[in-house]
Amino acid sequence: MEQYLKINEVSKLFDIPVSTLHYWEKHGLFQVRRNKDNKYREYSMTDVLNIWEIMLYRELNIPIQEAKELLDKNVDNLEQVYSANEKKLEEQIRSLKKKREKIKEQKRLIGLLKELEQEEFRTTEPDFSICKVDKVQMDSIKESLKNPYNCIMFISKGEEKEYTRGIALPPEQGEELLWDKKQEEKKYVEFLLKMNVEDSSDNNLQEVISRLEEMGHKTGEVIARYLLVANEEGRRMEYYRAWIIIK
């Protein structure tokens, strides 16, 4: 003798509200027998398997009307539907993986920022060897957006420090070089450069230079890689992983 489930048992089985089962039945996705004595719905194993199919279609974001039609499809039709949804899911997975990698990269840069805050200076060399002047045109903007860490800030030495933006990518022939590590042997120390988004003169560079001079160093140009923008004490600040030449 076949055993039947009550509607609240089916609700718990699939972890869906009773109202959802009522809604699907109302729209003709399935028909449930009624108990002759009390008129309560009774769900057979076939009903349960049908609901499992409907749940699958809803998980694939297939609309109710289309899901209803799928219940009457033949095997070949169903295979086509599943293949199409599989392709769509694979595209979504690729997109999600790219987003996850971007998140991982941002977390890596935040970790690097915190390291630089904790360690005042450390002797390292820039982790790239050449960059070109950023003309701030559509092509260069697109390249920058692929990986903002490739956005460079170059600050010349002297009393009037000039800020020039660049891109840490090999330049095409004839393009203007901003900086080339191979030009001469130089010693660098690494530090965290902070610069107000709305006022570039509001930065910590002079503080860094003064500290290095107290330590007996002469300083030169600064080359820096973009990390991120965040709020600090009510100001929107750009943060850079920076290297300054010392002598």
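About the thresholds
- Residues numbered from 1 in each chain as written.
- Predicted model: local features only at pLDDT ≥ 70, side-chain atom pairs only at ≥ 80, totals over all residues.
- Heavy atoms only, no water.
- Helix = DSSP H or I, 4+ residues; strand = E, 2+ residues; numbered from the N terminus.
- Contact = heavy atoms within 4.5 Å.
- Pairing = 2+ DSSP bridges.
- Axes fitted to C-alpha atoms, helices over the stretch in contact; angles between N-to-C directions.
- Parallel < 35°, antiparallel > 145°, perpendicular 65-115°, else oblique.
- Left-handed = near helix turned anticlockwise from the far one by under 90°.
- Nonpolar A, V, L, I, M, F, W, Y, C, P; charged D, E, K, R; others polar.
- Buried < 20%, exposed > 50% of the residue type's maximum accessible area, 1.4 Å probe, protein only.
- Arc of directions from axis to C-beta.
- Disulfide = S-S within 2.5 Å.
- Phe/Tyr/Trp six-rings, centres within 6.5 Å; stacked < 30°, edge-to-face > 60°.
- Lys NZ or Arg CZ within 6 Å of the ring centre and 35° of its normal.

A. Quick peek at the side chain of serine 11. Within the secondary structure layout, serine 11 lies in helix 1 (residues 7–14). Those residues in contact with serine 11, other than ones at most four positions away along the chain, are Ile16, Pro17, Val18 and Leu21.

B. Quick peek at the pairing of strand 5 (residues 163–167). Relative to strand 5, strand 3 (residues 130–133) runs antiparallel, the two sharing 2 bridges. Considered in strand 5, the bridge of valine 133 is made with glycine 166.

C. Molecular detail of the packing of helix 1 against helix 3 (residues 45–59). Running from N to C, helix 1 and helix 3 cross one another at 40 degrees; their axes reach a closest spacing of 12 Å. If you check the angle between helix 1 and helix 3, you find them oblique. The interaxial crossing formed by helix 1 with helix 3 has right-handed handedness. Residues Val10, Leu13 and Phe14 of helix 1 form the contact with helix 3, whose own contacting residues are Val48, Ile51, Trp52 and Met55. Considering only residue class, the contact of helix 1 with helix 3 consists of 7 nonpolar, no polar and no charged.

D. Looking closely at helix 7 (residues 205–214). Of the residues making up helix 7, those classed as buried are Leu205, Val208, Ile209 and Leu212. All buried residues of helix 7 lie within an arc of 100 degrees about the axis, which places them on one face of the element. Opposite the buried face of helix 7, at more than 90 degrees from it, the exposed residues are Glu207 and Glu214. Check the buried side of helix 7 and you find it contacts strand 4 (151–155), strand 7 (187–196), strand 8 (219–232) and strand 9 (235–246).

E. The arrangement of the state of the cysteines in detail. Taken as a whole and assessed by the stated rule, the structure comprises 0 disulfides. As a non-bridged cysteine, cysteine 131 has cysteine 151 as the owner of its nearest cysteine sulfur, 11 Å distant. By relative accessible area, cysteine 131 is classed as buried at 0%.

F. How the structure looks around the packing of aromatic side chains. Using the criterion set out here, one finds 4 aromatic pairs in the structure. With centroids separated by 6.4 Å and ring planes inclined at 65 degrees, the aromatic side chains of phenylalanine 30 and tyrosine 43 adopt a geometry described as edge-to-face. Within this pair, whereas phenylalanine 30 is found in the loop between helix 2 (18–26) and strand 1 (33–34), its partner tyrosine 43 is found in the loop between strand 2 (41–42) and helix 3, the two being separated by 13 residues in sequence. As far as the burial class goes, phenylalanine 30 and tyrosine 43 line up, both buried. An aromatic cluster of three or more residues is present, and its members are Phe128, Trp179 and Trp243. The residue whose ring lies beneath arginine 33 is tyrosine 4, and the NZ or CZ to ring-centre distance is 4.3 Å.

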